[in-house]
Amino acid sequence: MEDSDHPQPQSLTDLFVSFTLLALQGFGGVLAVVQHELVERKRWLTREEFVEEWAVAQIMPGPNVVNLSLTIGARHFGLRGALAAMAGLLAVPLLLVLTLAVAYAHYGSHPYIVGALRGMGAVAAGLIIATGIKLASALKSNPLGIPACIALSAACFVAIALLRWPLAYVVLGLGGAGCVLAYRRLKP
Amino acid sequence: MSSAPVLALAWSDWLNLLAHYLALSLLSIGGAITTLPEMHRFLVDQQRWLSDAQFNASIAIAQASPGPNVLFVALMGWNVGINTGSMANAFVGALLTMTGILLPSTTLSYMTARWSHRNRHWRSVRAFKQGMSPIVIALLVSTGWLLASAHQDPARDWPLWLLTAATALIVWRSKIHLLWLLAVGALLGGFGLV
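As the structure is a prediction and not an experimental result, all values here were calculated from the model. (Residues numbered from 1 in each chain as written. Chains lettered and ligands numbered in written order. Predicted model: local features only at pLDDT ≥ 70, side-chain atom pairs only at ≥ 80, totals over all residues.)

Draft legend 1. Layout of the overall build of chain B. A count of helical and extended segments in chain B gives eight helices and zero strands. Ordering the α and β elements of chain B from the N terminus gives α-α-α-α-α-α-α-α. A buried classification covers 48% of the 194 residues belonging to chain B. By sequence separation, contacts in chain B at least 24 residues apart represent 54% of the contacts at least 6 residues apart. (Helix = DSSP H or I, 4+ residues; strand = E, 2+ residues; numbered from the N terminus. Buried ≥ 20, exposed ≤ 12 C-beta atoms within 10 Å, placed from the backbone. Contact = placed C-beta atoms within 7 Å.)

Spelled out as structure tokens, the structure:
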């Protein structure tokens, strides 16, 4: 590796194990952990690359994190890489969630469990918010320019979080505007 | 669960379950969770394969378990199988719903990823990724906001909101491992402090 600033997954096993480990740390969603592990710790992607891949993964149908794992796996090892990353993300957590379903039938109503889930849910919400705030620094190099980025982000937040408009309209409307604007700003 | 239905499913019913999730897959833009209302209509209202309590528990358990949220889909198939009274059918149900929800979307997503990576220097591909960036970042913050604001009662739930805000601040400003924060959340919640 001549480029020590940008390490890469070493093998299919490395991909599978890495995605298994990060999936097992993700309570209430894996995205915060994916960003933390792949961008900040392993540095397979920069923040800018992560946001770009995330944009594609989010617009495609299907679970966003699964789509992201396919993209990252495919980039390094083609189809086999995509399958290894996706299998890592899903296999062990699937067995775990089925085990938990059996356990929940017995202990689900215990007040300690109910309270602990409440607390973890609140932390999970904070993790996702922080991930968004961190990734916002990737917008500094965006061709849209900082004022347009802030305006689009703020409008999107208001529409989705406060007004609760349907996702499809917001993504088509604001996202479409962003794409057209970016197309005009980018040099041909 | 006493209200859970007792089922006898034929081959055509299992195929129907698979087909329904295959169709939902391509509609699940923004994640499988966006098709939740349709899953409820199909499984609970139309087919009566799951009770309301089983439907809600499937989501709650998946949230509490590590891994992608899409695993709630597996639990729905699992519970349909459990309602036929057989553990083997439960595995079949989980396998069918997961295959259904993932196969079309991952195929499309994989091909798009390859295509957009091959053509990443095209002006239109770059414009799409860059133009969408502020939107997807705001969607992330919105998701966190919506999760936190599921707790509606400010007088009772303010410690939960404080915990969410403190977590966001700590993760943003420090490099602490995320699992520590989740453990703290579980302890605070478990002892009734939030």
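Draft legend 2. A look at the overall build of chain A. The secondary structure content of chain A amounts to seven helices and zero strands. Listed by position from the N terminus, the elements making up chain A come as α-α-α-α-α-α-α. Overall, the C-alpha framework of chain A stretches about 60 × 45 × 25 Å when taken along its three principal axes. A total of 188 residues make up chain A; the buried ones form 53% of that total. Put simply, of all contacts in chain A between residues at least 6 apart along the chain, 56% involve residues at least 24 apart.

Draft legend 3. Seen up close, the environment of Val184 of chain B. Residues and elements named next belong to chain B. Residue placement: Val184 occurs in helix H8 (residues 178-190). Overall, the presence of 18 C-beta atoms within 10 Å leaves Val184 in the partly exposed class. It is 9.8 Å that separates the C-alpha atoms of Val184 and Leu163, two residues lying 21 residues apart in sequence.

Draft legend 4. The arrangement of helix H5 (residues 111-135) of chain A in detail. Between its first and last C-alpha, H5 of chain A extends 37 Å over 25 residues, near the 36 Å set by a 1.5 Å rise per residue. Among the 25 residues of H5 of chain A, 19 are classified as buried, and the element is accordingly described as predominantly covered. (Expected span 1.5 Å × (residues − 1).)

Draft legend 5. Expanded view of the interface of chain A and chain B. Counting from both sides, the interface comprises 89 residues of chain A and, opposite them, 81 residues of chain B. When contributions to the side of chain A that touches chain B are tallied by element, the ones reaching two or more residues are helix H1 (12-25), helix H2 (31-41), helix H3 (47-59), helix H4 (64-107), H5, helix H6 (146-162) and helix H7 (167-185) of chain A. Counting residues per element, the side of chain A that touches chain B draws most heavily on H5 of chain A, at 22 residues.

Draft legend 6. Layout of the nonpolar core. With 120 residues, the main nonpolar core has Cys156 of chain A together with Leu75 of chain B as its most contacted residues. A per-element tally of this core places H4 of chain A first, with 17 residues. Both domain 1 (11-113) and domain 2 (123-190) of chain B contribute no fewer than three residues apiece to this core. Dropping the residues within four chain positions of it, Cys156 of chain A is found in contact with Val170 and Leu174 of chain A together with Ile135, Ala138 and Leu139 of chain B. (Core = buried A, V, L, I, M, F, W, Y, C linked by C-beta atoms within 7 Å. Domains from an automatic or database assignment.)

Draft legend 7. The packing of H4 of chain A against helix H4 (residues 71-83) of chain B, seen in detail. It is at 10 Å that the axes of H4 of chain A and H4 of chain B come closest, and there the two elements cross at 50 degrees. Classified by the angle their axes make, H4 of chain A and H4 of chain B are oblique. Note on packing geometry: the crossing formed by H4 of chain A with H4 of chain B is right-handed. Contact residues: H4 of chain A offers Pro93, Leu94, Val97, Leu98 and Ala101 of chain A, while H4 of chain B offers Leu71, Ala74, Leu75 and Trp78 of chain B. Of the residues in the contact of H4 of chain A with H4 of chain B, the class split is nine nonpolar, no polar and no charged. (Axes fitted to C-alpha atoms, helices over the stretch in contact; angles between N-to-C directions. Parallel < 35°, antiparallel > 145°, perpendicular 65-115°, else oblique. Left-handed = near helix turned anticlockwise from the far one by under 90°. Nonpolar A, V, L, I, M, F, W, Y, C, P; charged D, E, K, R; others polar.)

Draft legend 8. Structural detail: the environment of Lys140 of chain A. Note on placement: Lys140 of chain A falls in the loop between H5 and H6. As for Lys140 of chain A and Tyr104 of chain A, which are separated by 36 residues in sequence, their C-alpha atoms are 46 Å apart.

Draft legend 9. Representation of unusual backbone geometry within the structure. Unusually for a residue other than glycine, Arg43 of chain A sits at a positive phi of about 55 degrees. Tracing the chain through its elements places Arg43 of chain A in the loop between H2 and H3. One non-glycine residue, Arg48 of chain B, adopts positive backbone phi at about 55 degrees. Inspection of the secondary structure assignment puts Arg48 of chain B in the loop between helix H2 (36-46) and helix H3 (52-64). Taking the number of C-beta atoms within 10 Å as the measure of exposure, Arg48 of chain B has 11 and is therefore exposed.

The analysis is restricted to geometry; functional conclusions fall outside its scope.
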